[in-house]
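Structure at a glance
Spelled out from the first residue to the last, the chains are:
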Amino acid sequence: MVRGVVFDGERAEVVTDLDVRDPGPGEVLVAVAAAGLCHSDLSVIDGTIPFPSPVVLGHEGAGVVEAVGSGVTHVAPGDHVALSTIANCGACGECGRGRPTMCRGAIGWPGQPFSRGGAPVYQFAASSAFAERTLVKAVQAVKIPDDAR
Ligand SMILES: [Zn+2]
Ligand SMILES: [Zn+2]
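Residues numbered from 1 in each chain as written. Chains lettered and ligands numbered in written order. Predicted model: local features only at pLDDT ≥ 70, side-chain atom pairs only at ≥ 80, totals over all residues. Heavy atoms only, no water.

Some remarks on the sheet that holds strand β1 (residues 2–7)
If you trace the five strands once around the closed barrel, you get β1-β2-β7-β8-β4, paired in mixed fashion. Relative to strand β8 (residues 119–123), strand β7 (residues 114–116) is paired through three bridges, and the arrangement is antiparallel. The residue bridging F114 from the neighbouring strand is V121, located in β8. (Pairing = 2+ DSSP bridges. Helix = DSSP H or I, 4+ residues; strand = E, 2+ residues; numbered from the N terminus.)

Remarks on the environment of L29
Its place among the elements puts L29 in strand β3 (residues 27–36). For L29, a relative accessible area of 9% corresponds to the buried category. Placed 36 residues apart in sequence, L29 and V65 show a C-alpha to C-alpha distance of 6.0 Å. Not counting residues within four places of it along the chain, the set of residues in contact with L29 comprises V20, R21, P23, V64, V65, E66, A67, R133, T134 and L135. (Buried < 20%, exposed > 50% of the residue type's maximum accessible area, 1.4 Å probe, protein only. Contact = heavy atoms within 4.5 Å.)

Comments concerning the nonpolar core
Judged by nonpolar contacts, V28, V30, V65, V72, V75, V81, L83, V136, A138 and A141 together constitute the single largest core of ten residues. Sorting the residues of this core by element identifies β3 and β6 (80–83) as the ones contributing at least two each. Residue contacts for V28: discarding those within four places in its chain leaves P23, V65, A67, V68, V72, V75, T134, L135, V136, A138 and A141. V15, L18, V56 and A131 belong to the second-largest nonpolar core, a separate cluster that totals eight residues. (Core = buried A, V, L, I, M, F, W, Y, C linked by side-chain atoms within 4.5 Å.)

In structure tokens, the structure reads:
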């Protein structure tokens, strides 16, 4: 179980009983080492950005790869990565034209890689950097130098 910031629709609180599922094909499990607080996180809390709850907030993160799912070859456990919130599919016309932000998969339906007591918990901005571990698509894990601070 890991620690994270969960917004339950009423208030945000630090919890210590989050579960994160193992990476499936094309996914990367990252131990978050640093995260920025952005106004978009606060906008979820004040309702400006409607988002289903409960949800783990945070979307500006970096950390160390803990595990990779099948088919992931560009990073390996121990690699340092920055997390992109753009979970583009890499296979559609927009992706092929180099416009990942136009990909319909870039934001998509929010996933639920987390759970608490067996109940699913949403992931904000395909990232949820306010958790000790989070699960992202391979394309979101951008390798950075080991000595990046
Ligand atoms: Zn932001
Ligand atoms: Zn695409």
